[in-house]
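Geometric and topological summary
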Amino acid sequence: MEKWDGNEGTSAFHVPEWMIQFADQKQEFNKRPTKIGRRSLSRSISQSSTDSYSSAASYTDSSDDETSPRDKQQKNSKGSSDFCVKNIKQAEFGRREIEIAEQEMPALMALRKRAQGEKPLAGAKIVGCTHITAQTAVLMETLGALGAQCRWAACNIYSTLNEVAAALAESGFPVFAWKGESEDDFWWCIDRCVNVEGWQPNMILDDGGDLTHWIYKKYPNMFKKIKGIVEESVTGVHRLYQLSKAGKLCVPAMNVNDSVTKQKFDNLYCCRESILDGLKRTTDMMFGGKQVVVCGYGEVGKGCCAALKAMGSIVYVTEIDPICALQACMDGFRLVKLNEVIRQVDIVITCTGNKNVVTREHLDRMKNSCIVCNMGHSNTEIDVASLRTPELTWERVRSQVDHVIWPDGKRIVLLAEGRLLNLSCSTVPTFVLSITATTQALALIELYNAPEGRYKQDVYLLPKKMDEYVASLHLPTFDAHLTELTDEQAKYLGLNKNGPFKPNYYRY
């Protein structure tokens, strides 16, 4: 091959004029839009702020019907109207999604098959407040197969899959939820689950503590017949421990969030996959080379950081706990204060379970087009309320994606209005939710059937033996083969051959 000689005019590459112009002008791409250009494209805050709820719709719902489900008169094929969903006619689509989810939830299906003859939840009246997805539907139908009666509301105004809610309503479950509820709708749905003539719950399954809070606030006498609470979120568990410390917890509660199978698999592995899914679906961005700050290095934060690092992002971590902070450092992440990097990062992700982690001051200092989102349960981590002021303009880009625009033209990209990103903007891996849902089901069975006196008015962890049982139910999916201890080995370790294999203080 002939060697190229840069000195030969005929062979040397000639730089076109447009490339020279591009080199001179490339900095313009990073400049903020002008006021005039922004005004021609954006809408006023008074108009777009109301879009936050009304424009949200299920991804399979192409209907333009903006009528509130509360104003509709709907009945399922059996003639029941004891539900409130977006559109009961979507039930067939929801049923297909539930059937797909069942294939990835082996433990829950195995539990349904093994225990439905015994009906361990016969007589249980469970009121639930969780994300209403295909995976939750499998849990609800399993609880029903085990003998329980259920009434359900959503714990997040954006995470409900309308078609799945319709399928549950068609099957006879009193479900009160739809995607894009207002704040008033949210509490109305919870109240419709709880306040019903001739039916009173005796078990609570909560995700975030809102249902428990509502009953304490509005119907405290109901706790006289409630046997226990099962709670699966960091936020909800924190509230339960506060009630216990104040001496106001009047029934036993099971802390499912801190069970090993929930914390390690749902919080860590689930978020490791779903953070990328949520960001990609909403922004179509590429992660390589992006600077990201993750606030919090608990299990959720660990999962987010691992995923983003693997995609080539430059990841910073903020943390208050020196142990978690040291873990972040040992995992190769730079530990910073948010103020130190807020001007330079491309993405801000919160996952602390705290409030006001990202304040208006931080938001004011962010670079143009910075993406801001939350992976914690509650919408308290980002001070979204401070952005609803006359000088800022909200511009809806697509469902769950808003531009918040400053007077000088700077804009940030706010996802799901600061609510839980993965379940608001995408989905989560079904297999992981099988682990969580099985844990919840076993906790309900344990509390409901426990003899009087076994559990006092306090917060308990799921027994280690149940944690191991949940894990063992999922191993056949991988064609995994556990090694069994010999009698001599079990005696040497001081263990039962069938478990539990670790003491309660063991850190996995």
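Please read all numbers here as calculations on a predicted model, not as lab measurements.

1. A few points about the pattern of salt bridges
Applying the stated criterion to the full structure yields 21 salt bridges. D277 is the partner of R281 in a salt bridge, and the nearest nitrogen-oxygen pair spans 2.9 Å. Taken together, the positions of R281 and D277, both in helix α12 (residues 260-283) and 4 residues apart, correspond to about one turn of that helix. Given a relative accessible area of 44%, R281 falls into the partly exposed group. A residue is classified by how much of its surface remains accessible, and D277, at 24% relative accessible area, is partly exposed. Residues R396 and E417 are paired through a salt bridge, measuring 3.7 Å at the closest nitrogen-oxygen approach. Separated by 21 residues along the polypeptide, R396 in strand β12 (residues 393-398) and E417 in the loop between β14 (411-415) and α17 (421-425) bring together distant segments of the chain. With relative accessibility at 16%, the residue R396 sits in the buried group. It is possible to trace a salt-bridge network through shared partners that takes in R388, R396, D402 and E417.

2. Comments concerning unusual backbone geometry
A cis amide bond, omega 0 degrees, links G499 with the succeeding residue P500. By secondary structure assignment, the location of P500 is in the segment after α20 (487-493). In this structure, K119 takes a positive phi of about 50 degrees despite not being glycine. Among the secondary structure elements, K119 is positioned in the loop between α6 (106-115) and β1 (125-130). Overall, the relative accessible area of 38% leaves K119 in the partly exposed class. The backbone of D284 sits at a positive phi, close to 55 degrees, despite the residue not being glycine.

3. A closer look at the nonpolar core
Grouped together as the largest cluster of nonpolar side chains are 58 residues, with contacts concentrated most on I275, L279, V294, L308, I349 and M375. Two domains share this core, each providing at least three of its residues, namely domain 1 (69-257 + 427-476) and domain 2 (266-417). With residues near it in sequence (within four places) discarded, V294 still touches G301, C304, C305, L308, V315, Y316, V317, T318, I349 and C351. Membership of the second largest hydrophobic core comes to 55 residues, among which are C150, F173, A437 and V470.

4. Remarks on the sheet that holds β1
Strand order in the open sheet made by the 7 strands is β3-β2-β1-β4-β5-β6-β15, with parallel pairing throughout. Two strands close off the open sheet at either side, each with one partner strand: β3 (175-176) and β15 (459-461). Relative to β15, strand β6 (residues 253-255) runs parallel, the two being bridged by 3 bridges. When the bridges of β15 are listed, A253 appears paired with V459.

5. Here's the deal with the packing of helix α5 (residues 91-103) against helix α8 (residues 162-170)
Running from N to C, α5 and α8 point in directions that differ by 100 degrees, and their axes come no closer than 7 Å. Compared by their axis directions, α5 and α8 come out roughly perpendicular. Touching A91, F93, G94, R95, E97 and I98 of α5 are E163, V164, A166, A167 and E170, all from α8. Per-class residue counts for the contact of α5 with α8 are 6 nonpolar, 1 polar and 4 charged.

6. Observations concerning the sheet that holds strand β8 (residues 314-318)
The 8 strands are arranged β9-β8-β7-β10-β11-β14-β13-β12 in an open sheet whose pairing can be described as mixed. Sheet topology places β9 (334-335) and β12 at the edges, where each strand pairs with a single neighbour. Relative to strand β13 (residues 401-405), β12 is paired through 5 bridges, and the arrangement is antiparallel. Note on β13: the bridge partner recorded for E395 is H403. Where helix α13 (residues 299-310) meets the sheet, it contacts β7 (291-295), β8 and β10 (347-350), and its direction lies at approximately 170 degrees from that of β7.

7. Remarks on the UniProt feature "binding site: substrate" (unreviewed entry) in the chain
In this numbering, the UniProt entry assigns the feature "binding site: substrate" (unreviewed entry) to T133, D207, E232, K262 and D266. Relative to the assigned elements, K262 resides in helix α12. Overall, K262 belongs to the buried group, its relative accessible area being 4%. According to the relative accessible area criterion, D266 is buried, its value standing at 11%.

Quick notes on the rules
Residues numbered from 1 in each chain as written. Predicted model: local features only at pLDDT ≥ 70, side-chain atom pairs only at ≥ 80, totals over all residues. Heavy atoms only, no water. Salt bridge = Lys/Arg side-chain N within 4 Å of Asp/Glu carboxyl O. Helix = DSSP H or I, 4+ residues; strand = E, 2+ residues; numbered from the N terminus. Buried < 20%, exposed > 50% of the residue type's maximum accessible area, 1.4 Å probe, protein only. Core = buried A, V, L, I, M, F, W, Y, C linked by side-chain atoms within 4.5 Å. Domains from an automatic or database assignment. Contact = heavy atoms within 4.5 Å. Pairing = 2+ DSSP bridges. Axes fitted to C-alpha atoms, helices over the stretch in contact; angles between N-to-C directions. Parallel < 35°, antiparallel > 145°, perpendicular 65-115°, else oblique. Nonpolar A, V, L, I, M, F, W, Y, C, P; charged D, E, K, R; others polar. UniProt positions renumbered as here; feature names shortened; annotations may be inferred.

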